[in-house]
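Here's the letter readout for the chains.
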Amino acid sequence: SMMKVFLILLWTASLVQPNIPQAVAVQVFPPVDFTLTVSALAQVLLHWKPNPNQEQKNYTIRYDVKILSPVPEEYDTKKTYSIRTAVLHNGFSAHIRTLLLHDDFQMRSDWVKKKLPPPPGAPETSATNLSCITRITISSIVSLHCTWIPGQGAPKDTNYFLFYRYETYTEECQDYIKDKWNRNIECRFSVTHIDPEGIDNLIVIHINGSSKYAAIKPFQQLFNQNAIEKVNVPRNVTVFLEQNDLLATWEKPISPFPKACFEYELYLFNFKSRNEQILKISSNDFRLRIDVTSRYSVQIRANHHICCMRGFWSDWSEIIYIGQNKLENPIAWILAVLCVSMCCMFLLVAIICK
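Residues numbered from 1 in each chain as written. Predicted model: local features only at pLDDT ≥ 70, side-chain atom pairs only at ≥ 80, totals over all residues. Heavy atoms only, no water.

Section: the sheet that holds strand β20 (residues 276-281)
Spatially, the 4 strands line up as an open sheet ordered β20-β19-β22-β23, and their pairing is antiparallel. Strands at the two margins of the open sheet, each flanked by one partner only, are β20 and β23 (320-322). Ignoring strand direction, the axes of neighbouring strands in this sheet form an average angle of 25 degrees. (Pairing = 2+ DSSP bridges. Helix = DSSP H or I, 4+ residues; strand = E, 2+ residues; numbered from the N terminus. Axes fitted to C-alpha atoms, helices over the stretch in contact; angles between N-to-C directions.)

Description of the nonpolar core
Formed by 25 residues in total, the largest nonpolar core has its most connected members in Leu130, Cys132, Trp148, Leu162, Ile205 and Ile207. Sorting the residues of this core by element identifies β9 (128-136), β10 (142-149), β11 (159-166), β14 (184-189), β15 (202-210) and β16 (219-224) as the ones contributing at least two each. In contact with Trp148, other than residues within four places in its own chain, are Ala127, Thr128, Asn129, Leu130, Tyr160, Leu162, Tyr176, Asn184, Ile185, Glu186, Cys187 and Ile207. Judged by nonpolar contacts, the second largest core, of 22 residues, contains Val28, Tyr63, Tyr75 and Val112. (Core = buried A, V, L, I, M, F, W, Y, C linked by side-chain atoms within 4.5 Å. Buried < 20%, exposed > 50% of the residue type's maximum accessible area, 1.4 Å probe, protein only. Contact = heavy atoms within 4.5 Å.)

Concerning the packing of aromatic side chains
Aromatic ring pairs are defined here through the distance separating the ring centres and the angle between the ring planes. With the rule as written, the count across this model stands at 10 aromatic pairs. For the pair Phe34 and Trp48, a centre-to-centre distance of 6.3 Å together with 75 degrees between the ring planes defines the contact as edge-to-face. Within this pair, whereas Phe34 is found in strand β1 (residues 32-40), its partner Trp48 is found in strand β2 (residues 43-49), the two being separated by 14 residues in sequence. Trp48 carries the same exposure label as Phe34, and that label is buried. When the ring of Trp148 is compared with that of Tyr176, the centres are 6.5 Å apart and the planes differ by 90 degrees; the resulting orientation is edge-to-face. Of the two residues, Trp148 is situated in strand β10 and Tyr176 in strand β13 (residues 176-178); the sequence distance between them amounts to 28 residues. Here the aromatic cluster, defined as three or more aromatic residues joined through ring pairs, consists of Phe34, Trp48 and Tyr63. It is Arg84 that lies over the ring of Tyr75; its NZ or CZ is 4.3 Å from the centre. Against the face of Trp181 rests Lys156, its NZ or CZ located 5.4 Å from the ring centre. (Phe/Tyr/Trp six-rings, centres within 6.5 Å; stacked < 30°, edge-to-face > 60°. Lys NZ or Arg CZ within 6 Å of the ring centre and 35° of its normal.)

Describing the layout of surface pockets
Here the largest pocket defines a volume of roughly 160 Å³. For the largest pocket, the full set of lining residues is Ile67, Pro70, Val71, Pro72, Glu73, Ile83, Arg84, Thr85, Ala86, Val87, Phe92 and Leu222. Within the lining of the largest pocket, the residues separate by chemical class into 9 nonpolar, 1 polar and 2 charged. (1 Å grid on protein atoms, 1.4 Å probe; cavity = no way out; pocket = protein on both sides within 12 Å on 5 of 7 lines; lining within 4 Å. Points joined across faces, edges and corners; volume = space filled by probe spheres on them. Nonpolar A, V, L, I, M, F, W, Y, C, P; charged D, E, K, R; others polar.)

Regarding empty space enclosed by the protein
For the structure on display, the rule yields 2 cavities of 30 Å³ or more. Lining the largest cavity are Thr134, Arg135, Ile136, Val142, Ile194, Asp195, Pro196, Gln225, Asn226 and Glu229. Tallied by class, residues from the lining of the largest cavity come to 4 nonpolar, 3 polar and 3 charged.

Quick notes on the sheet that holds β15
One open sheet accounts for 4 strands, arranged β12-β11-β15-β16; its pairing is antiparallel. Two strands close off the open sheet at either side, each with one partner strand: β12 (169-172) and β16. Across the sheet, the axes of successive neighbouring strands diverge by a mean angle of 20 degrees, strand direction being ignored. As paired elements, β11 and β12 share 4 bridges and run antiparallel to each other. Paired with Tyr166 across the bridge in β12 is Tyr169.

Some words on the state of the cysteines
One pass over the full model with this rule turns up 3 disulfides. A disulfide bridge connects Cys173 with Cys187, and the sulfur atoms are separated by 2.2 Å. Taking the torsion about the sulfur-sulfur bond, which here is approximately 115 degrees, the covalent link between Cys173 and Cys187 counts as right-handed. Linking Cys173 in the loop between β12 and β13 with Cys187 in strand β14, this pair joins segments that are 14 residues apart in sequence. Like Cys187, Cys173 is buried. (Disulfide = S-S within 2.5 Å.)

Describing the side chain of His89
Looking at the secondary structure, you find His89 in the loop between β5 (81-85) and β6 (92-102). If we skip the residues at most four places from it in the chain, His89 touches Pro118, Pro119, Lys217, Pro218, Phe219 and Gln220.

Here we look at unusual backbone geometry
The amide bond that connects Ser69 to the next residue, Pro70, takes the cis arrangement and shows omega of 10 degrees. Secondary-structure assignment places Pro70 in the loop between β3 (60-69) and β4 (73-77). The phi dihedral of Asp200 is positive, around 55 degrees, even though this residue is not glycine. Examined against the element boundaries, Asp200 turns out to sit in the loop between β14 and β15. By relative accessible area, which is 33% here, Asp200 ends up partly exposed.

Side note on the confidence of the model for the protein chain
Averaged over the protein chain, the pLDDT score is 88; the fraction of residues at 70 or greater is 87%. Across residues 15-23, where pLDDT falls below 50, the model places 4 contacts with residues more than four positions away in sequence or in other chains. (pLDDT = per-residue confidence, 0-100.)

This is the structure:
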């Protein structure tokens, strides 16, 4: 039995031993010429070169990339560059190292570190409360509307300027709305390069500023294009009665997305009972048993889902009235008005006579 144990240990050692000299003999060197470059608004190009002293024979070389800020992220790549989209008003920092792979064996170099410092300016001078909305027109053009509030620490003469970037296209706003101190606080793009058929692409918004008295720190924010879309109102809404049922039909909003991508809410108000309901619907028609002796108002609104991230609910469609309260007939109203008028007249005569 001792002989068997010895043979097993010897066999195991023979499997592991060939890799040991290689692991000990090969030194892993970190990449060289690691640089961080701002290549577009809220976009950083990470670039490096393989270490010229690195032995490559029989090895696979990859690179381990670790983004430290503004948003932690870690990944590996065979390439010697990487492009990341991130807000840069608080700076950007990253580490990189060489990974040497041979069969199942992996060796790593030391980290190489680089930082992009934040742009000048105190944080309280930046624009705040940035909010943006897109809309799709009937001609499939996407508009963009953004609002913001001047920073509390910004001098009174501060003015702000907005840029948007979508993929490789960047544009500065030309249509501003000002506050009572003549500072830009809103921007409107009636036409943009945003693709109406884009699925969850990013829109970069960059706001910088200028003042005679202080450096104004820029501010950046990333928006999912579908998440900030103000969906259009459903079209051709039709409501009618069929015996004791209320039937409603409509068409999807103006949008490049198919009708299966939309959900709806139906608002129903009963004038007789004063009861109101909001019903969620996933199709383009609706049927509901109602009280036919009551009068109702109906409205529909839409949002997209399934195909992409939900946006802002559309406005409600125009009010459609249907049905009629049975007590609301002309004769009843005439008699009620005459009765009230006679009572008022007798009361007035009594007061005068007294």
